[in-house]
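Chains, contacts and geometry: an overview
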Amino acid sequence: MTDDQIQALLDDGKAEARHVGVLKKLDSGVYCIHRSWGFGKVASFDPIMGKFQIDFRGRPGHSMEARYAAESLEILPAEHILVQKVTRLDTLKQLAIGEPLQLLRIVLGSFGGQGVADSIAAALCPEVVAAADWKKWWDGAKRAMKKDPHFGVPAKKTEPFVLRDKPQRPEEELLRSFASAVNLRQKLQVAEQLLRIADQLPDVPTVLGPVIHALSDEIEASSHRDPITTLEAIWVRDELAGLCGHQTPHTVEQIHEVIRNVRHLGELLQSLPSAKQKRLLPHLRTAYPDTWHDTLRQVLLSADVKLVGDIIEFLINEGQIDAVRAFLDRSIREQSAVGDLLLWICRSRNQPAFAETIGPVLNVRLASAILQSIQRGQTETGRKKNLLLEYLVNDPTLLGELLHETDIEDVRDIARKLLLHQAIGEIDRRSLLARIIKIHPPIQSLLTSGGETRQQTITVSWESLEQRKAEYDELVSKRIPANTRDITIARSYGDLRENFEFKAAKEMQKVLMARKGELELMLANSRGTDFADAKGDAVGIGTVVTLTDLTENKTVRYAILGAWDSDVDRGIISYQTTLAQALLNKKVGEEADFEIGDHRHHVGVEKIERYVDLKSEIGPPCIVRPIGAGGESTSAPAAPASN
């Protein structure tokens, strides 16, 4: 703008003295940026209206008052990356190919000397560097920046890349960061960066010596407060000392001190980075020479897959193969093995190094433990992805290997569990069952009606079926896992021969597993109904029958419902009771005989109605408790009650 134009704005009150500096720079063809509308170019100025016309991307010809323009626009110099993408795009593309560091100097210079990776990418991609080429180009550019002392490359993605006025060796900045770090964790992070650039240091002992001493002092002070960081710091310090040719004679004692002050060694191992978990195992052996193997075996019940493999490999190498084999067998039989341990067994079963250890447990009990663990994984861990389930479904040979030489009844049990398994989808269940049928064809009878070995299907009300399913869900998701935890805790108390808590928990396990098997059998052979298809022309399931007791000369009424339904007070009985069996298929006017206790009754059928028509009067079915082994009610039939 000219001085006359600016003075006119001041005289008209359309600008203030504080705006003059910016207004002098605003002229046609000048590039600018607005915090909301982004990059733009001044198109013209209307001196009469006192307004600028700005061409923003996606908003050309935008009118803006002079006062607002001076306050909200940032004038961009010609060397700014956004301006050069408009004026010198071909030159920038050539720099990207031949001189990427020069291009990055332009970018970082445009951002005040520093910028995070996302900002750099937004400035260059896709106009200067194509999106398809960006990752490869950026990886190469970062490597080049690391070698150039004019650039500072951050250790974290969220930190900015820096363009320095003067070249600086990378260790100089790291040593300043190390000196300003206020705790061991911060010093450790810087020390790890120094370790990564050790091959670039001009004088390793001179640079790293003070760092090693400072780490040692912090380790002594932090061993009780932060065991994880202390262990990592010990190992990093030793690696730095090794580069300097120094010895660290107190390393073992320091590690032992950390270990002995930790209450839960399993949590300590799990909290370490996976790459460093294995390094601690030999120290556990020397710190606890009498109990280290028992401790590590217990850790297997909570370890992730990688740590499981590291521990078992370590135990085997230390001559514990028999103990490991016995532990795996026991944890599978007791179903205390968690999903990660079972997954490791499945993945490693064909590795020669573990064949002698894993071979004996590759049987039907492992298949049962896998199904149980998958169920627990759905109800307890809340994981979106069950890795054990994925492996079971995706490995076409696993289930067949586990059931190949198995008694047919055990195979049936596995098939029933699959049919009822709520954590496995219908398609996957059918696929797994097909694999079983391939090696055990008689199991086909579980999937088709009329099979010779299929249990007789029973009819049950939807209400009683839901109650049975709820009982089963509570059993497998709460009571059995709680019992497994009780067993694990009780075992930790010591001598199992005089361990009352352990014996009680094991007895309860037998009761729970027996009930689980009973419920699985019942649910597998039940068919739910709402009795809507019952007819009123003869006594049947879902009918209400009014009888005249010719023996005692009184009227009684019964609702004959599902196998698990019974409520004496409301006259609801199961169709499997002796009374109901005597009445089934009888029509109005016909007679029947039955016994209750030692009393024989002779009745006549007076009236037959459908239960669904009287449900609001009689009420919903009630579940029979307890259930006998055959699925029938163990209670006596309801005694006749006067209407």
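The shown structure was predicted, so the numbers you read here are calculated from the model rather than taken from an experiment.

From N to C terminus, the chain includes 29 helices and 15 strands. Its C-alpha atoms give the chain a radius of gyration of 40 Å, more than 25% over the compact-globule value 26 Å for 643 residues. Counting every position in the chain, which comprises 643 residues, the buried fraction comes to 47%. Here the analysis covers contacts within the chain between residues at least 6 apart in sequence; of these, 61% occur between residues at least 24 apart.

Below, the discussion takes up the side chain of Q254. The topology assignment puts Q254 in helix α13 (residues 251–260). Assessed through its relative accessible area of 9%, Q254 is described here as buried. Dropping the residues within four chain positions of it, Q254 is found in contact with I219, E220, I234 and R237.

Looking now at the pattern of salt bridges. This model, assessed by the stated rule, comprises 33 salt bridges. Here R285 ties to E318 by a salt bridge, and the two come within 2.8 Å at their closest N and O atoms. With R285 in helix α15 (residues 274–287) and E318 in the loop between α17 (305–317) and α18 (321–333), the pair connects residues that are 33 residues apart, well separated along the chain. For R285, a relative accessible area of 27% puts it in the partly exposed group. On the basis of relative accessibility, which here comes to 31%, the residue E318 falls in the partly exposed class.

The next subject is the environment of G209. By secondary structure assignment, the location of G209 is in helix α11 (residues 204–222). Take G209: its relative accessible area is 9%, and that puts it in the buried class. In this structure, the C-alpha to C-alpha distance between G209 and C244, residues 35 residues apart in sequence, is 7.6 Å.

Over its 13 residues, α18 runs 18 Å from end to end, which matches the ideal 18 Å to within 8%, given 1.5 Å per residue. For α18, the set of buried residues is I321, V324, R325, F327, L328, S331 and I332. Take α18 and look down its axis: the buried residues cluster within an arc of 160°, on one side only. Once α18 finishes, Q335 follows within two positions and takes phi at roughly 55°, a positive value.

This part covers unusual backbone geometry. Cis rather than trans, the peptide bond between C125 and P126 has omega equal to 10°. Secondary-structure assignment places P126 in the loop between α7 (117–124) and α8 (134–147). Not every positive phi belongs to a glycine, and N585 is a case in point at roughly 75°.

Attention now goes to a positive patch on the surface. Together, R143, K146, K147 and R196 make up a region of like positive charge exposed at the surface. Of all the elements, α8 adds the most residues to the positive patch, at three residues. You can see R196 is positioned in helix α10 (residues 184–196). Among the residues examined, R196 registers a relative accessible area of 57% and is labelled exposed.

Taken together, three strands build an open sheet; the order of strands is β6-β8-β7 and the sheet is antiparallel. Looking at the sheet topology across the chains shown, the edges are occupied by β6 (114–115) and β7 (151–152). Of the strand pairs in this sheet, β7 and strand β8 (residues 161–163) are connected by two bridges, and their pairing is antiparallel. Bridge pairing links F151 to L163 in β8.

If you check helix α26 (residues 462–491), its first and last C-alpha atoms are 42 Å apart, about what 30 residues at 1.5 Å a residue would give, namely 44 Å. A maximum bend of about 40° is found in α26 at L475.

Right, let's get into the sheet that holds strand β13 (residues 572–574). Sheets are built from strands paired through backbone hydrogen bonds, the pairs being either parallel or antiparallel. Across the sheet, which stays open at both edges, the five strands sit in the order β13-β12-β11-β15-β14 with mixed pairing between neighbours. The open sheet has two edge strands with one neighbour each: β13 and β14 (591–596). Averaged over all neighbouring strand pairs, the angle between strand axes comes to 45°, with direction disregarded.

Turning to the nonpolar core, a few remarks are in order. Core analysis: the biggest nonpolar cluster contains 92 residues, and L280 and I370 have the highest contact counts within it. For this core, the leading source of residues is helix α12 (residues 227–244), giving nine residues. Excluding its chain neighbours within four sequence positions, the residues that come into contact with L280 are L231, W235, I255, I259, L268, L269 and L272. Residues I458, L465, Y472 and L519 belong to the second largest nonpolar core, which totals 33 residues.

Describing an aromatic ring pair means giving the distance of the ring centres and the angle of the ring planes. Counted according to the given criterion, the structure contains nine aromatic pairs. Put simply, the rings of W134, W137, W138 and F161 pair up and form one aromatic cluster. We note K187 situated over the ring of F178; from NZ or CZ to the ring centre the distance is 4.5 Å. The ring of W564 has R468 lying over it, and the distance from NZ or CZ to the ring centre is 4.9 Å.

Turning our eyes to something else, we now look at the environment of S431. Within the secondary structure, S431 is located in helix α25 (residues 426–439). Spatially, the C-alpha atoms of S431 and P396 are 9.5 Å apart, while their sequence positions differ by 35 residues.

To continue, consider the packing of α10 against α11. Orientation of α10 relative to α11, taken along the N-to-C sense of each, is 150°, at an axis distance of 10 Å. Of the possible angle classes, the one that applies to α10 and α11 is roughly antiparallel. In this structure, α10 meets α11 at a crossing whose hand is left-handed. Every residue of α11 that contacts α10 at L184, K187, A191 and L194 is listed here: L208, V211, L215, E218, I219 and S222. Residues that form the contact of α10 with α11 fall into these classes: seven nonpolar, one polar and two charged.

The next thing to look at is the packing of α18 against helix α19 (residues 339–348). Viewed as axis vectors pointing N to C, α18 and α19 meet at an angle of 125°, and their least axial separation amounts to 12 Å. As the angle between them shows, α18 and α19 are arranged oblique. Viewed along their axes, α18 and α19 form a crossing whose handedness is left-handed. In contact with F327, L328, S331 and I332 of α18, α19 contributes L341, L342 and I345.

With that settled, consider the side chain of S331. For S331, the position within the fold is in helix α18. What makes S331 buried here is its relative accessible area of 3%. For S331, the side chain forms a polar contact with the main-chain oxygen of L328, separated by 3.0 Å. Setting aside chain neighbours within four positions, we find S331 in contact with L301, S336, A337 and L341.

When the pLDDT values of the chain are averaged, the result is 85; 92% of them are 70 or greater. For residues 449–455, every residue scores under 50 in pLDDT, and the model assigns this stretch twelve contacts once sequence neighbours within four places are set aside. In the predicted structure, residues 624–643 sits below a pLDDT of 50 and forms 46 contacts with residues beyond four places in sequence or in another chain.

Cut-offs used in this document
- Residues numbered from 1 in each chain as written.
- Predicted model: local features only at pLDDT ≥ 70, side-chain atom pairs only at ≥ 80, totals over all residues.
- Heavy atoms only, no water.
- Helix = DSSP H or I, 4+ residues; strand = E, 2+ residues; numbered from the N terminus.
- Rg over C-alpha atoms; globule rule 2.2 N^0.38 Å.
- Buried < 20%, exposed > 50% of the residue type's maximum accessible area, 1.4 Å probe, protein only.
- Contact = heavy atoms within 4.5 Å.
- Salt bridge = Lys/Arg side-chain N within 4 Å of Asp/Glu carboxyl O.
- Expected span 1.5 Å × (residues − 1).
- Arc of directions from axis to C-beta.
- Patch = residues over 30% accessible without salt bridge, like charges linked within 9 Å, V, L, I, M, F, W, Y side chains within 5 Å.
- Areas by Shrake-Rupley, 256 points an atom, 1.4 Å probe, with all protein chains shown as cover.
- Lys, Arg positive; Asp, Glu negative; His and termini not counted.
- Charge placed at Lys NZ, Arg CZ, Asp CG, Glu CD.
- Pairing = 2+ DSSP bridges.
- Bend = angle between axes of the 7 residues up to and from the residue.
- Axes fitted to C-alpha atoms, helices over the stretch in contact; angles between N-to-C directions.
- Core = buried A, V, L, I, M, F, W, Y, C linked by side-chain atoms within 4.5 Å.
- Phe/Tyr/Trp six-rings, centres within 6.5 Å; stacked < 30°, edge-to-face > 60°.
- Lys NZ or Arg CZ within 6 Å of the ring centre and 35° of its normal.
- Parallel < 35°, antiparallel > 145°, perpendicular 65-115°, else oblique.
- Left-handed = near helix turned anticlockwise from the far one by under 90°.
- Nonpolar A, V, L, I, M, F, W, Y, C, P; charged D, E, K, R; others polar.
- Polar contact = N/O pair within 3.5 Å; in protein donor to acceptor, adjacent residues only side chain to side chain.
- pLDDT = per-residue confidence, 0-100.

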